[in-house]
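# Per-entry structural report
As a plain string of letters, each chain reads:
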Amino acid sequence: MRYPENKGFPILLDKVKNAITHELPFCLYRKPNQEEVKAIFQESNELYFSKDFEDSGFVFAPFDLNNDTILIKPDKIVSSSYKKGDTKHKTAEPEPIEKDKSTHLDLVKEGLNAIAQGRLEKVVLSKKIAIERQTYPEKIIIRLLDTYPSAFCYLFYHPEVGIWCGASPETFLQLRGNKLKTMSLAGTLPYQSDIEPKWGKKELDEQKMVTDFIEDRLSNKVDEIKTVGPENSKAGLLWHLKTEITASVSSKSSLKDIIKVLHPTPAVCGLPFDKAKIFILENETYDRTFYTGFLGELNMGENKDSSLYVNLRCMELTSKGASIYVGGGVTADSIPENEWDEIQSKSKTMLRLL
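Below is a summary of the structure that appears in this document.

### With respect to the overall build of the protein chain
When helices and strands are counted, the protein chain shows 7 helices and 18 strands. Taken over the C-alpha trace, the protein chain has a radius of gyration of 19 Å; the compact-globule value for 354 residues is 20 Å, and the two agree within 12%. Summarising its shape, the C-alpha atoms of the protein chain cover approximately 55 × 50 × 40 Å along the three principal directions. Residues classed as buried in the protein chain amount to 56% of the 354 residues present. Sequence separation of at least 24 residues holds for 72% of the intrachain contacts in the protein chain that already meet a minimum separation of 6. In the structure as shown, the protein chain presents an accessible area of about 16,100 Å², 46% of it carried by carbon and sulfur atoms. For the protein chain, the centre of its 48 positive side-chain charges and the centre of its 52 negative side-chain charges are spaced 3 Å apart.

Structure follows, in structure tokens:
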């Protein structure tokens, strides 16, 4: 069932709060550079999974696809327009968090050792930051919408999974008919007003690794691969390098085939793919669960289109506060202290919302 559009954003927020109160799954989200905010509501609290990605609904997939991909069934879809300034709020520049710095530096050094030994070319290493502070999901999603208009902003809830929210700068894939669009997003520098970023060898090499990986993995699944970039891409107070990739999907390939060859990309995992994933699972000191997974519309609308985004710049909201997830790519040219600085810069995306 679809409600009439533009019933008003406050009404949409009320529906979200009501769903949480009654423990009913939903996801409220806005695609990059759009005013329309959608919310998909499921009428029961049953936990559904998508095994083959042929279902229709909103998917919430983990970093490790050996674990279950959550599906919210689109029993009701409500949409509203939202413009910055509809709701006023204040944000403050967060203080840097130095907790567990030595642990993360040791992790980066382990990654560099694996690269020096020839076992890895690149590995993306991350950490989980726990913040004890009262949180209000409906206020945080407003801050996300206002602060990151060019990102995929979302608020996800399932009583069996929890509450997650984020502002992802990275498209995992979009599929319209047989036309596929994805991107290579790698390399990070702090944003400074009126100053163009100056990319070093480490960032340029990292970006090329991701682009080459995507092209190679798609080569047997698609036709007419085209790339545009790399170019500068601003995400909040960070710069990234982005290359856009388009192709036509072969009639022999399914969406599941495409997802399996692309996820997780070197932008969130590393190279070689299998060895980097094993290194992460064995050496990171926590379970990523849905961080660096992907989420979005799956086979939605009359044309069964899909719009999926990498779950970056995200956090999990709990009764005690929030857990923020953030990481960075480690290559042979990485310097541990610089990697820590990158973690600090990225963590501010979510910290300032609290």
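The rest of the description comes next.
### Considering the packing of helix α1 (residues 9–21) against helix α3 (residues 137–147)
Between α1 and α3, the shortest axis-to-axis distance is 10 Å and the interhelical angle comes to 140°. Classed by the angle they form, the pair α1 and α3 counts as oblique. Here α1 and α3 pass one another in a crossing that is right-handed. For the pair α1 and α3, contact is made by F9, L13, K17 and I20 and by P137, E138, I141, I142 and L145, respectively. Looking at the contact of α1 with α3, its residues break down into 7 nonpolar, no polar and 2 charged.

So, how was this worked out
- Residues numbered from 1 in each chain as written.
- Predicted model: local features only at pLDDT ≥ 70, side-chain atom pairs only at ≥ 80, totals over all residues.
- Heavy atoms only, no water.
- Helix = DSSP H or I, 4+ residues; strand = E, 2+ residues; numbered from the N terminus.
- Rg over C-alpha atoms; globule rule 2.2 N^0.38 Å.
- Buried < 20%, exposed > 50% of the residue type's maximum accessible area, 1.4 Å probe, protein only.
- Contact = heavy atoms within 4.5 Å.
- Areas by Shrake-Rupley, 256 points an atom, 1.4 Å probe, with all protein chains shown as cover.
- Lys, Arg positive; Asp, Glu negative; His and termini not counted.
- Charge placed at Lys NZ, Arg CZ, Asp CG, Glu CD.
- Axes fitted to C-alpha atoms, helices over the stretch in contact; angles between N-to-C directions.
- Parallel < 35°, antiparallel > 145°, perpendicular 65-115°, else oblique.
- Left-handed = near helix turned anticlockwise from the far one by under 90°.
- Nonpolar A, V, L, I, M, F, W, Y, C, P; charged D, E, K, R; others polar.

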